[in-house]
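# Geometric and topological summary
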Amino acid sequence: MWDWFVQGLHSIEFYAIMPHLQLTLFACFILLADFLVERPYKYFNAICALLGIGFSAFALGRFWVRGDEKLAFNGLIVIDSFFTFFGLLFLLATALVILMSIKYLDLEGEHEGEYYALILFAAVGMLFMAGGTDLVTLFIGLELMALCFYLLAGFLRRDRRSNEAALKYLLLGMFSSGILAYGFSLLYGVSGSTNIQVIAQKVAERGPGDPIVFLAMVAVAAGMFFKVAAVPFHMWAPDVYEGAPTPITAYISVASKAASFAMLLRLFLVPLGPLRPNWETLLAVIALATMTIGNLAALNQDNIKRLLAYSSIGHVGYILLGLVAGNQTGRTGIIVYLFVYTVMTIGAFAVVTGMRRADAIGDRLEDMRGLMSKNPGAALLMLIFLLSLTGIPPTAGFIAKYYIFLALIQAGRYELAVFAALYVVVALYYYFRIVVMMFFSEAREPGRMTLAPGLVATLAIALVLTLAPGIYPEPLINLARLAITPFR
Amino acid sequence: MSLTPENILNWILLTPLVGAVALLAVPGEKKKLIAALANLFAFAGFLVSLPLVFWYDKTQAGFQFTINHDWIPSIGASYRLGIDGISFLLVMLTTVLGFIAILSSWAFIQNRVKEYYIVFLILQTGMLGVFMALDFFLFYVFWEVMLVPMYFIIGIWGHERKLYAAIKFFLYTLLGSVLMLLGILWLYYFHGGLHAPGAACPAIGIAGHTAAEMNTFSIPVYLELGHFLPATLIAKLVFWGFFISFAIKVPMVPFHTWLPDAHVEAPTAGSVILAGVLLKMGTYGMMRFSLPIFPEASREYAPFIATVSIVAIIYGALVTMMQKDMKKLIAYSSVSHLGFCTLGIFALNHLGLAGSLLQQVNHGISTGALFLIVGLLYERRHTRDIAEFGGLSTPMPVFATMYMIISLASLGMPLLNGFIGEFTILLGAWQVNHWWAGLSVLGIVLAAAYLLWLYQRVMFGEVTHAANKGLRDLSLRELATLVPLVVWCFWIGVFPKAYFDVLEKPVALLVQRVEGPQAAPPLAVTLPDTESSEGGTPAGTR
């Protein structure tokens with residue numbers, strides 16, 4: 001018995017699942033310990049969660065430093081640079097979201113331990129999504145993440161918008177999962193295996209013309225498009241973004257999206273890779289529609305969370321274009337884009353979170369009025385995040401857009417490049433509606449506004465990670481190139 | 001860290017930025033201190049650019065004072081600065097006008113003083129960077145970065161419709177910028193293909209096959225690229241991408257509609273910089289990039305673009321004539337004057353190009369000064385309505401003199417700068433097509449009409465409004481903003497040879513690039529100096 005246990009500890013399986021395990025253990029601990037924590041000390045849960053993330057990140061960092069490339073559990077999950085990069089990105093996002101949640105939950109009067117546990121469980125799901133090499137692992141990871149998000153979106157029990165968001169998200173999410181599962185079942189039927197490498201071989205044998213394979217591709221694509229909120233499966237995003245607690249909105253908007261994209265990339269590049277002639281046009285149309293609807297619908301939003309929701313739909317279009325281009329630049333560009341998108345969006349949402357006061361919800365455009373006089377630091381940071389979201393140098397957002405444009409030009413997709421570039425101008429208009437409110441309008445009631453320490457930490461990290469890669473992109477580019485090596 | 005020819009461009013670029021950072025440390029309540037510090041740094045920015053005048057070697061055609069550091073080696077972008085005769089003059093124009101614009105803000109800017117000066121100094125760095133960058137990536141960064149401070153200058157410290165004007169300015173320019181970005185990326189990709197191992201690489205003589213040379217944003221490399229571009233549709237589209245970006249900035253008709261809004265709503269210093277420097281980025285871009293990189297497309301479309309320029313000259317002048325608002329009048333006159341600059345560029349010969357660049361400097365000086373004049377009146381009366389003024393020469397004699405000289409400079413009076421530039425451009429245009437020159441002369445006539453008519457309505461006659469009776473004449477500080485510009489007008493007007501000498505080699509190289517490797521050596525050029533050309537005919541110099 002003891003020998004078996006020790007052997008287990010030294011096995012590759014245990015090594016590979018260490019980051020997931022640590023998060024799970026800490027999440028369970030938080031659930032138990034929460035009963036003992038009195039209300040004023042609920043931030044203890046947050047510290048526990050951050051600690052868990054630290055341990056997990058350490059394990060992931062070890063994979064990265066060692067350059068591990070290993071399969072575990074008979075090919076159910078893989079450790080490669082792609083997984084490690086995304087794992088660390090999820091943990092970064094999770095940590096930042098936890099930091100910005102502490103004060104917010106106090107204000108909402110919903111400071112419970114489950115919140116942090118659910119966030120950690122969602123992160124575990126994401127890790128499986130990025131590292132899964134088997135349809136079952138991928139699907140379970142996706143569902144684990146999605147279930148946590150359904151709960152988190154409705155975490156403000158007494159807020160009707162939050163309830164609506166949760167229900168909407170749950171119903172539509174389940175529906176899309178069903179479609180995805182249908183696609184998976186077809187893939188299994190075609191290949192007789194759930195391993196994506198085996199599926200890739202069988203699909204390649206059948207070729208792009210095969211109707212069953214085509215149907216499977218469409219179903220998988222539809223399921224994934226829902227998760228990343230691409231048109232025409234984007235309807236849930238604005239409502240969920242608006243209703244969910246702001247930190248969770250940030251979390252759904254970045255981590256869930258990054259994880260879904262990690263899964264989407266692995267699916268489209270490995271098992272569906274041979275179908276490229278089929279999905280290239282499909283993806284191009286979807287990407288174009290996504291950019292169009294996202295950017296145009298954002299123009300007249302008066303709620304910042306809805307505005308950012310539509311703008312994030314627009315960003316999805318850009319990321320998909322990297323896949324359409326289909327070259328090395330495009331794949332590197334997706335990685336760069338997802339990293340940059342994560343940090344700048346969290347930054348923007350952190351400022352919006354800071355607008356939540358005891359007496360104001362603070363998510364309307366109006367609420368940003370005169371922020372420059374109330375808190376110049378927050379206003380300037382928001383300006384930088386918005387410039388980055390638009391893609392103005394020297395922020396990281398420009399580097400991300402640069403890669404997508406270059407990839408499209410290298411692939412000869414000039415028409416897509418022109419559209420993508422023109423929507424930058426549209427995006428500037430709606431992002432700068434916020435800037436106008438912050439800098440040019442007088443505040444309704446004068447006075448200063450302070451930010452909670454956790455929020456300041458989030459903003460500082462987001463700022464550094466938004467500006468540094470813009471001014472000196474070399475490390476980020478090398479990181480992205482390394483992360484994409486499994487798909488060369 | 002001492003100032004040497006090797007690092008002078010760093011000094012010029014960073015001095016305003018250091019000033020902006022330094023101002024961050026000063027508490028916002030100390031308005032006087034902030035303004036004084038900002039002026040100090042702006043003046044320092046001018047002082048560090050002064051050695052260029054002595055160190056610039058006018059016997060060279062290429063880039064001088066170059067600085068080159070690796071920046072993003074994995075994509076081939078580097079921190080590369082350098083200037084030739086063309087950018088040299090524009091850099092000097094920027095440092096001088098930047099200082100004068102900041103000096104002119106002393107009394108006008110009273111709220112959010114700290115932010116104003118910080119933003120202005122950042123703008124200064126951005127503009128200088130555009131003229132000095134020798135790397136496309138870096139160039140694009142400066143080109144975009146500069147939009148943000150200008151947006152705030154118009155949007156916060158502007159007049160009634162400032163928000164509309166600010167976002168319109170930003171959107172228009174960004175639209176052009178992204179098109180140019182795609183063009184840059186296409187060139188980058190194309191250049192990489194030329195050097196790819198195994199590609200049918202013509203002997204360019206600029207690089208081998210190493211990865212580092214394949215991927216580069218170095219502008220000097222791209223300038224040699226012109227004759228290897230295929231005559232395909234996409235290459236032409238890329239030409240138009242660049243061209244529209246620059247045309248919006250200039251702005252050429254029909255992209256000019258942002259200009260009156262932005263110029264009118266901006267505070268005085270903002271208008272001075274907009275008219276004096278920002279518009280020149282468009283013409284600079286055409287000279288620096290459009291012509292040498294796309295010689296074939298430039299030659300092909302030159303007649304069309306020249307025609308549009310002539311339309312801009314005449315249409316701009318006619319619209320100017322009808323304005324009731326002084327500032328709007330000056331703003332529209334820019335459309336007409338910049339039409340001359342683009343006409344000169346797309347005459348594609350030595351005279352046209354040299355004249356165009358000189359005219360860009362001239363326009364910066366005289367229109368910048370005209371905006372200062374309007375600003376001075378606005379500070380006194382808080383109106384820009386021409387009908388509100390009249391007979392101002394009685395209470396303000398010194399002001400009247402300055403204004404007169406600058407008006408004459410702007411309308412092309414011999415012995416003043418505008419004449420030299422426009423005359424040279426007309427000579428260049430005449431060499432290509434007599435009609436071009438003939439029609440453009442109308443622009444000069446109309447300029448005389450609208451500027452003198454404006455002067456007459458504002459300055460002559462009886463003082464009609466009681467409020468104008470006691471207007472104070474220029475203070476010493478206000479005089480200090482105008483006198484350097486007036487002196488400069490005379491300098492160029494009387495002794496333009498210094499300027500043409502600086503431009504001689506770079507423009508000859510440019511003409512050579514446009515005409516192609518097989519073309520004849522650059523035309524023998526006789527430069528018009530004032531003594532011979534005052535009574536002379538165009539034929540005399542041909």
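Residues numbered from 1 in each chain as written. Chains lettered and ligands numbered in written order. Predicted model: local features only at pLDDT ≥ 70, side-chain atom pairs only at ≥ 80, totals over all residues.

A tally of regular secondary structure across chain A gives 20 helices and two strands. A compact globule built from 488 residues should have a C-alpha radius of gyration of about 23 Å, and chain A, at 22 Å, falls within 12% of that. Principal axes of the C-alpha set define a box for chain A whose edges measure 70 × 60 × 40 Å. Classification of the 488 residues of chain A by burial places 60% in the buried group. Taking as baseline every contact in chain A between residues at least 6 positions apart, the subset at least 24 positions apart corresponds to 79%. (Helix = DSSP H or I, 4+ residues; strand = E, 2+ residues; numbered from the N terminus. Rg over C-alpha atoms; globule rule 2.2 N^0.38 Å. Buried ≥ 20, exposed ≤ 12 C-beta atoms within 10 Å, placed from the backbone. Contact = placed C-beta atoms within 7 Å.)

When helices and strands are tallied, chain B shows 23 helices and two strands. For 542 residues, the compact-globule estimate of 2.2 N^0.38 gives 24 Å, and the C-alpha radius of gyration of chain B, at 23 Å, lies within 12% of that figure. Structurally, chain B occupies a C-alpha span of about 80 × 60 × 40 Å along its principal axes. Out of the 542 residues in chain B, the part that is buried amounts to 57%. Sequence-distant contacts in chain B: of pairs separated by 6 or more residues, those separated by 24 or more amount to 80%.

Let us now look at helix H4 (residues 81–108) of chain A. Residues and elements named next belong to chain A. Its 28 residues give H4 an end-to-end C-alpha distance of 39 Å, which sits within 8% of 40 Å, the value for a rise of 1.5 Å per residue. Burial runs high along H4: 24 of the 28 residues are buried. One or two residues past the end of H4 sits Gly109, with phi positive at roughly 70°. (Expected span 1.5 Å × (residues − 1).)

Residues and elements named next belong to chain B. Sheet topology places strand S1 (residues 64–72) next to strand S2 (residues 77–83); six bridges connect them, and they run antiparallel. Residue pairing for S2: Asp70 is matched across the bridge by Ser78. Where S1 folds back onto S2 in an antiparallel hairpin, the turn is made up of four residues, including Gly76, whose phi is positive at roughly 85°. (Pairing = 2+ DSSP bridges.)

A separate point is the interface of chain B and chain A. On the chain A side, the residues contacting the 26 residues of chain B number 25 residues. Among the secondary structure elements, those contributing two or more residues to the side of chain B that touches chain A are helix H6 (136–145), helix H7 (147–157) and helix H8 (162–195) of chain B. With 13 residues, H8(B) is the single largest residue contributor to the side of chain B that touches chain A.

Among the nonpolar cores identified, the biggest contains 402 residues, and A:Ile119 and A:Phe405 are the most heavily contacted of them. The greatest single-element share of this core, amounting to 19 residues, is contributed by H4(A). Apart from residues no more than four positions distant in its own chain, A:Phe405 is found in contact with A:Ala417, A:Ala420, A:Ala421, B:Leu181, B:Leu182 and B:Leu185. (Core = buried A, V, L, I, M, F, W, Y, C linked by C-beta atoms within 7 Å.)

Our next topic: the packing of helix H15 (residues 326–346) of chain B against helix H19 (residues 434–459) of chain B. Each packed pair of helices is defined by two parameters, the angle between the axes and the distance between the axes. Residue and element names in this part refer to chain B. Where H15 contacts H19, the two axes come as close as 11 Å, and the packing angle between them is 160°. One finds that H15 runs roughly antiparallel with respect to H19. Crossing geometry of H15 relative to H19 is assigned as left-handed. For the pair formed by H15 and H19, the contact residues are Met326, Leu329, Ser333, Ser336, Gly339, Phe340 and Leu343 on the first element and Trp436, Ser440, Gly443, Ala447, Tyr450 and Leu454 on the second. Grouping the constituent residues of the contact of H15 with H19 by class yields eight nonpolar, five polar and no charged. (Axes fitted to C-alpha atoms, helices over the stretch in contact; angles between N-to-C directions. Parallel < 35°, antiparallel > 145°, perpendicular 65-115°, else oblique. Left-handed = near helix turned anticlockwise from the far one by under 90°. Nonpolar A, V, L, I, M, F, W, Y, C, P; charged D, E, K, R; others polar.)

What follows is about the confidence of the model for chain B. Residues and elements named next belong to chain B. Per-residue pLDDT for chain B averages 87, and the proportion of residues at 70 or more is 92%. Mean pLDDT across the secondary structure elements of chain B bottoms out at helix H23 (residues 538–541), with 37, and peaks at H6, with 94. Confidence over residues 200–209 falls short of pLDDT 50; this stretch has 13 contacts with residues more than four positions distant or in other chains. Overall, residues 519–542 carries pLDDT values under 50, and its contacts beyond four positions in sequence, including any with other chains, amount to 30 contacts. Here the complex is predicted with pTM 0.93, and the ipTM for its interfaces comes to 0.93. (pLDDT = per-residue confidence, 0-100.)

Residues and elements named next belong to chain A. Relative to the elements of secondary structure, Lys168 occurs in helix H7 (residues 160–191). Residues Lys168 and Gly370 lie 202 residues apart in sequence; the distance between their C-alpha atoms is 34 Å. When near neighbours in sequence (up to four residues on either side) are disregarded, Lys168 contacts Trp236, Asp239 and Val240.

Residue and element names in this part refer to chain A. Relative to the elements of secondary structure, Tyr115 occurs in helix H5 (residues 113–131). The exposure class assigned to Tyr115 is buried, which follows from the 25 C-beta atoms found within 10 Å. For the pair Tyr115 and Cys148, spaced 33 residues apart in the sequence, the C-alpha separation amounts to 9.3 Å. Among all residues touching Tyr115, those that are not within four sequence positions of it are Ser101, Leu105 and Phe155.

On to unusual backbone geometry. With an omega dihedral of 5°, the bond running from A:Val231 to A:Pro232 counts as a cis peptide bond. With respect to the element layout, A:Pro232 can be found in the loop between helix H9 (211–228) and helix H10 (236–243). For the peptide bond that leads from B:Val250 to B:Pro251, omega is -15°, which places it in the cis range. Phi at A:Ala229 is positive, roughly 60°, even though this residue is not glycine.

With that settled, the discussion passes to the packing of helix H16 (residues 350–381) of chain B against helix H18 (residues 417–432) of chain B. Residue and element names in this part refer to chain B. Running from N to C, H16 and H18 cross one another at 155°; their axes reach a closest spacing of 8 Å. The orientation of H16 relative to H18 falls into the category roughly antiparallel. Judged by the twist between their axes, the crossing of H16 over H18 is left-handed. Across the interface between the two elements, Leu351, Gly352, Ala354, Gly355, Ser356, Leu358, Gln359, Asn362, Ile365 and Ser366 of H16 pack against Asn417, Gly418, Ile420, Gly421, Glu422, Thr424, Ile425, Leu427, Gly428, Ala429 and Gln431 of H18. Among the residues forming the contact of H16 with H18, the class breakdown is eight nonpolar, twelve polar and one charged.

All names here are of chain A. Compared with the 46 Å implied by 1.5 Å per residue over 32 residues, the 46 Å span of H7 between its first and last C-alpha is a close match. Of all the residues in H7, the buried ones are Ser162, Ala165, Ala166, Tyr169, Gly173, Ser176, Leu180, Gly183, Phe184, Leu187 and Ser191. In this fold, the buried residues of H7 make contact with helix H6 (135–153), helix H8 (196–206), H9 and H10. Following H7 by one or two positions, Gly192 adopts a phi angle in the positive range, close to 70°.

With that settled, the discussion passes to the environment of A:Phe339. Residue and element names in this part refer to chain A. Examined against the element boundaries, Phe339 turns out to sit in helix H14 (residues 328–354). Separated by 17 residues in the primary sequence, Phe339 and Gly322 have C-alpha atoms spaced 14 Å apart. Setting aside residues no more than four positions away along its own chain, Phe339 makes contact with Leu89 and Leu476.

Confidence in the prediction for chain A averages 92 pLDDT; 100% of positions are at 70 or higher. When pLDDT is averaged over each element of chain A, H6(A) comes out on top at 95 and helix H1 (residues 2–10) of chain A at the bottom at 82.

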